[in-house]
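Commentary on secondary and tertiary structure
For reference, the chains in residue letters:
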Amino acid sequence: MCRLFLFMVALLTVLPSVGAQELNRTYEELLLGTVKPDGWLREMLQRQRDGVTADLDKIYPQVVGERNGWLGGDGDQWERGPYWIDGLLPMAYILDDPSLKAKAQRWVEWALASQQESGQFGPVKDYPKEAGIQRTNSEDWWPRMVVLKILQQYYNATSDEKVLTFMDRYFRYQHRTLPQKPLGHWTRWAEFRAGDNMLVALWLYQKTGEKYLLELCDMLHEQGWDFTHMFLETTQIGELSTIHCVNLAQGLKEPVVYWQMRPEQRYRNAVDKCFRDLRVHGGYPNGMFGGDEALHGNNPVQGVELCSVVEMMYSLEEMIKITGDTGYADHLERIAFNALPAQTTDDFKEHQYFQQANQVSITRGPHNFDIVYDDTASLMGVLCGYPCCLCNLHQGWPKFTQNLWYSTKDGGLAAMTYAPCHFTVNLQGVDVTVTEDTCYPMDGIINISLSMPKRKSVTAPLAFRIPDWAEEAVVKVNGEVQPRGEGNMVTLLRTWRNGDAVTLDFPMSVRTDRWYENAISVERGPLVYALKIDEKWEKIELDPKEKKGDYYWQVTAQSPWNYAFRFKASIEPQKHFTVKVDSLKLQNDWYWSAQDSPITITAEAAKIEDWTLYNGDTGPMPFSIKRQRIYNGRSSHSSGGKFYPVELIPYGCTTLRISEFPLVTR
Ligand SMILES: [Zn+2]
């Protein structure tokens with residue numbers, strides 16, 4: 001009996017699917033523009049809009065201006081114009097900003113109107129090489145994948161039926177053409193990024209049920225880079241230089257995207273193994289991994305490219321919707337609340353190509369990056385490093401906002417990540433306004449209130465993720481504690497009335513974790529805390545011949561950073577740290593700078609005198625003790641018995657920082 005069952009299961013997993021098969025998905029997006037950011041998240045989006053997103057065509061006219069190939073011009077015809085709109089368009093609808101919408105509309109309409117009889121679309125002419133302009137063959141599959149993501153979001157905001165017809169014609173063209181001109185025919189980027197193409201094809205499949213779309217996805221899976229094999233059968237994630245960091249951040253979702261239509265467990269296992277291996281071999285407390293630009297291990301002075309930050313977030317957002325896996329949501333918050341805010345200036349006018357988990361001097365120099373771009377890769381600038389990030393960074397915050405709440409298959413709502421916001425949706429014929437009032441991630445209390453017409457009620461499930469770190473989480477409805485049940489989701493199925501309130505209380509105690517050379521991170525809730533360093537910012541002019549922008553910011557340390565923690569064996573690590581909450585700053589709409597941080601963690605630290613600057617970075621990481629109770633040796637270079645008071649602030653509030661600290665005995 002049991003064997004027969006297993007056989008049937010095995011058979012089902014290998015049989016090709018027929019007809020309009022239902023995809024394996026847990027959640028669906030709300031219409032784009034439904035979720036409105038409040039508090040710090042609104043401020044963040046507005047700063048991004050005013051700093052870099054609204055006027056990138058004026059900041060970077062030579063590439064995303066009038067000459068861009070995706071507006072019919074003779075200029076850049078690769079990814080950079082579409083990258084920008086992939087973030088500008090969702091921002092336009094989320095902020096309900098008419099001038100941004102108009103800007104996005106031009107690109108959408110040009111793309112729709114460019115479709116040829118064959119179904120192909122986009123630039124058609126090949127121009128000679130030109131400095132600063134990116135061109136591959138105009139037929140390359142890759143930049144079209146970004147445009148497909150734009151059009152999918154546009155449909156999700158406007159329900160413009162033209163998008164569905166357009167996509168159907170293009171995917172039929174792709175289905176016909178891929179056998180002769182496979183994904184890697186022009187460049188290899190399309191092979192690594194096939195998952196993005198597949199996501200949109202499967203999205204259309206949900207709308208049309210056209211079987212050829214599943215065949216197309218099988219083809220994309222076959223022709224694309226075999227991430228499943230890479231993660232399960234090779235040790236490449238643990239080796240250096242095996243894959244480009246953005247290709248990995250973007251491509252790692254492919255097995256899960258494909259799992260939607262071919263639900264074999266190995267696709268899920270592959271991505272889980274990738275994350276476990278990345279944690280060991282490349283991981284940082286900020287949620288990212290070392291890759292500058294090839295994989296470069298987990299030494300906290302290696303670089304993290306901004307493109308890989310926003311692409312990893314997008315991959316996680318898509319995988320959360322497909323699987324409902326709360327672990328992916330924990331990971332998404334770790335990146336969004338730590339790595340992302342740290343890599344741009346407060347006014348979003350400058351960003352870093354590479355950030356470091358331990359970053360004590362942002363100076364012109366090679367540091368220890370694989371690729372150095374005239375030694376500008378770590379500078380806070382406009383075009384320092386390589387220009388992809390200037391164009392691609394826009395998607396980070398808008399898509400995070402769009403993914404705060406989902407609709408569920410049983411007619412309810414699910415909150416998988418948290419930030420202040422509000423929205424109105426129709427549940428079973430009743431307009432319900434949900435308001436999420438919170439200072440999260442600085443504070444762990446989330447108040448969610450429901451309002452609807454007074455005599456109406458709605459019976460529907462509301463589901464909430466309990467973060468994995470929130471061991472003492474309490475969920476209340478109108479003040480009454482609710483049973484938590486198993487797992488990290490709490491689903492409240494009840495009849496909701498006007499004025500009902502859900503309170504999520506996620507107590508945030510300080511905890512530590514281990515990283516490179518057994519260094520420790522200090523964490524509280526979803527935030528990593530880093531050493532607050534006095535920073536000196538100097539604006540340095542650039543030679544126009546360098547084509548890296550007019551200037552950059554050099555940031556150097558004006559206070560010591562070579563601290564280690566020293567716990568006595570009898571003291572729990574948590575008791576070493578004191579949390580100070582500034583309740584006035586907590587009420588502000590901007591947290592993300594050293595002076596605006598509402599939370600400070602104080603502690604006493606030892607100094608390691610011979611841990612010094614080396615080539616612009618923190619020198620070799622001092623060894624840490626592993627198990628303090630059985631350790632008999634000494635870290636001989638710490639400051640004897642002397643302690644110094646130190647302040648830690650959220651990683652996302654820092655520009656210079658230590659986020660991985662040695663742990664010593666003496
Ligand atoms: Zn980039």
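Scoring rules and cut-offs
- Residues numbered from 1 in each chain as written.
- Predicted model: local features only at pLDDT ≥ 70, side-chain atom pairs only at ≥ 80, totals over all residues.
- Heavy atoms only, no water.
- 1 Å grid on protein atoms, 1.4 Å probe; cavity = no way out; pocket = protein on both sides within 12 Å on 5 of 7 lines; lining within 4 Å.
- Points joined across faces, edges and corners; volume = space filled by probe spheres on them.
- Helix = DSSP H or I, 4+ residues; strand = E, 2+ residues; numbered from the N terminus.
- Donors = N, O, S within 2.8 Å, 3.2 Å for Na, K, Ca; no water.
- Tetrahedral: all angles 85-135°; square planar, octahedral: opposite > 155°, others 65-115°.
- Buried < 20%, exposed > 50% of the residue type's maximum accessible area, 1.4 Å probe, protein only.
- Pairing = 2+ DSSP bridges.
- Axes fitted to C-alpha atoms, helices over the stretch in contact; angles between N-to-C directions.
- Contact = heavy atoms within 4.5 Å.
- pLDDT = per-residue confidence, 0-100.
- Salt bridge = Lys/Arg side-chain N within 4 Å of Asp/Glu carboxyl O.
- Phe/Tyr/Trp six-rings, centres within 6.5 Å; stacked < 30°, edge-to-face > 60°.
- Polar contact = N/O pair within 3.5 Å; in protein donor to acceptor, adjacent residues only side chain to side chain.
- Expected span 1.5 Å × (residues − 1).
- Disulfide = S-S within 2.5 Å.
- Core = buried A, V, L, I, M, F, W, Y, C linked by side-chain atoms within 4.5 Å.
- Parallel < 35°, antiparallel > 145°, perpendicular 65-115°, else oblique.
- Left-handed = near helix turned anticlockwise from the far one by under 90°.

1. A few points about empty space enclosed by the protein
- Inspection of every chain in the model, using the stated rule, returns 4 cavities of 30 Å³ or more.
- Empty space within the largest cavity amounts to approximately 60 Å³.
- Lining the largest cavity, in full, are Trp70, Pro82, Ile85, Trp107, Val108, Ala111, Val147, Ile150 and Leu151.
- Contributing elements (two or more residues each) for the lining of the largest cavity: helix H5 (80–94), helix H6 (98–113) and helix H7 (141–158).

2. Section: the coordination of the zinc ion
- Protein-derived ligands of the zinc ion are Glu305 (OE), Cys307 (SG), Cys388 (SG) and Cys389 (SG), with the metal-ligand distances lying across 2.1 to 2.3 Å.
- In this structure, the zinc ion is surrounded by 4 donor atoms whose angles at the metal cover 97 to 124°, and the resulting shape is tetrahedral.
- In terms of primary sequence, the donors binding the zinc ion are separated according to E-x1-C-x80-C-C. With a gap of 83 residues between them, Glu305 in strand E3 (residues 304–305) and Cys388 in helix H18 (residues 388–392) connect regions that are remote in the sequence. Each member of the pair, Glu305 together with Cys388, is buried.

3. A few points about the sheet that holds strand E1 (residues 27–29)
- Strand order in the open sheet made by the 5 strands is E1-E9-E10-E14-E17, with mixed pairing throughout. Pairing within the sheet leaves two strands with one partner each, and these edge strands are E1 and strand E17 (489–497). Going across the sheet, the axis of each strand differs from the next one's by a mean of 35°, ignoring polarity.
- Of the pairings in the sheet, the one linking strand E14 (residues 457–465) to E17 comprises 9 bridges and is antiparallel in character. Counterpart to Pro461 in the pairing with E17 is Leu493.
- Relative to E1, helix H16 (residues 306–323) is tilted by about 130°, and along the sheet it contacts E1 and strand E9 (405–408).

4. Let's talk about the confidence of the model for the protein
- The predicted model of the protein averages 93 in pLDDT, with 94% of residues at 70 or higher.
- Ignoring residues within four places in sequence, the model shows residues 1–18, a span with pLDDT below 50, making 8 contacts including any to other chains.
- Segment residues 628–634 is flagged for pLDDT under 50; beyond a separation of four residues in sequence, or across chains, it makes 11 contacts in the model.

5. Structural notes on the sheet that holds strand E13 (residues 445–451)
- A sheet is described by the order of its strands in space; here 7 strands give the open sequence E2-E11-E12-E13-E18-E15-E16, paired in antiparallel fashion. The open sheet has two free edges, formed respectively by strand E2 (36–37) and strand E16 (480–481), since each of these has just one partner strand.
- Where strand E11 (residues 421–427) lies against strand E12 (residues 430–438), 7 bridges are found, and the strand directions are antiparallel. Residue pairing across strands places Phe423 opposite Val434, the latter belonging to E12.

6. Quick look at the pattern of salt bridges
- By the definition in use, this model includes 36 salt bridges.
- With its nearest N and O atoms 4.0 Å apart, the salt bridge here joins Lys409 to Glu22. Note that Lys409 is positioned in the loop between E9 and strand E10 (413–415) and Glu22 in the loop between helix H1 (2–14) and E1, a separation of 387 residues in sequence.
- Under the relative-accessibility criterion, Lys409 is labelled exposed at 58%.
- Accessibility expressed as a relative area gives 62% for Glu22, which makes it exposed.
- A salt bridge links Arg106 to Glu66; the shortest N-O distance between them is 2.9 Å. Taken together, the residues span a long stretch of sequence, with Arg106 in helix H6 and Glu66 in the loop between helix H4 (61–64) and H5 at a distance of 40 residues.
- Owing to a relative accessible area of 56%, Glu66 belongs among the exposed residues under this scheme.
- Three or more residues joined by partner-sharing salt bridges are found here, namely Asp86, Lys149, Asp196, Lys253 and Lys399.

7. Observations regarding the packing of aromatic side chains
- Using the criterion set out here, one finds 37 aromatic pairs in the structure.
- The interplanar angle of 40° and the centroid separation of 4.9 Å between the aromatic rings of Phe192 and Trp225 together place this pair among those described as tilted. Placement of Phe192 in helix H9 (residues 189–192) and of Trp225 in the loop between helix H11 (212–223) and helix H12 (227–233) is noted, with a sequence separation of 33 residues between them.
- With 5.9 Å between their ring centres and 85° between their planes, Trp397 and Phe400 make a pair best called edge-to-face. Here Phe400 and Trp397 lie together in helix H19 (residues 396–402), a separation of 3 residues that amounts to about one turn.

8. Quick word on the side chain of Asn338
- Structurally, Asn338 can be placed in helix H17 (residues 326–342).
- A distance of 2.8 Å separates the side chain of Asn338 from the backbone oxygen of Arg334, its partner in a polar contact.
- Filtering out sequence-adjacent residues up to four positions away, Asn338 remains in contact with Asn286, Glu333, Pro526, Leu527, Val528, Tyr651 and Gly652.

9. Here we look at unusual backbone geometry
- Along the chain, Asp292 connects to Glu293 via a cis peptide bond; the corresponding omega equals 5°.
- Between Tyr440 and Pro441 the backbone carries a cis peptide bond, its omega angle lying at 15°.
- Mapping Pro441 onto the fold places it in the loop between E12 and E13.
- The phi dihedral of Asp96 is positive, around 50°, even though this residue is not glycine.

10. As for H16
- With 18 residues, H16 extends 26 Å from end C-alpha to end C-alpha; this agrees with the ideal 26 Å at 1.5 Å per step.
- For H16, a buried count of 18 out of 18 residues is recorded, marking the element as mostly surrounded by other parts of the structure.
- Just past H16, the residue Gly324 takes up positive phi, approximately 70°.

11. What about the state of the cysteines?
- Overall, the coordinates contain 0 disulfides when judged by the stated rule.
- Distance from the sulfur of Cys245, which forms no disulfide, to the nearest cysteine sulfur (Cys307) is 8.1 Å.
- We classify Cys245 as buried; its relative accessible area is 1%.
- Of all cysteine sulfurs, the one in Cys388 lies closest to Cys391, which takes part in no disulfide; the gap is 7.9 Å.

12. A short note on the environment of Thr326
- Mapping Thr326 onto the fold places it in helix H17.
- Overall, Thr326 belongs to the buried group, its relative accessible area being 13%.
- For the pair Thr326 and Asp277, spaced 49 residues apart in sequence, the C-alpha to C-alpha distance is 19 Å.
- Leave out the neighbours within four places in its chain, and Thr326 touches Met416, Arg465, Asn488 and Met489.

13. A short note on the nonpolar core
- Counting 223 residues, the largest nonpolar core has Phe171, Leu248, Trp405 and Phe565 as the members making the most contacts within it.
- A per-element tally of this core places H16 first, with 11 residues.
- If we skip the residues at most four places from it in the chain, Leu248 touches Phe227, Phe231, Ile237, Ile243, Cys274, Leu278, Phe289 and Leu295.

14. A few points about the packing of H16 against H17
- For the pair H16 and H17, interaxial distance at closest approach is 9 Å and the crossing angle is 155°. As the angle between them shows, H16 and H17 are arranged roughly antiparallel. Seen along the crossing, H16 lies across H17 with a hand that is left-handed. Residue-level inspection shows Leu306, Val309, Val310, Met312, Met313, Leu316, Glu317, Met319, Ile320 and Thr323 of H16 in contact with H17, the latter providing Tyr328, Ala329, His331, Leu332, Ile335, Ala336, Ala339 and Leu340.

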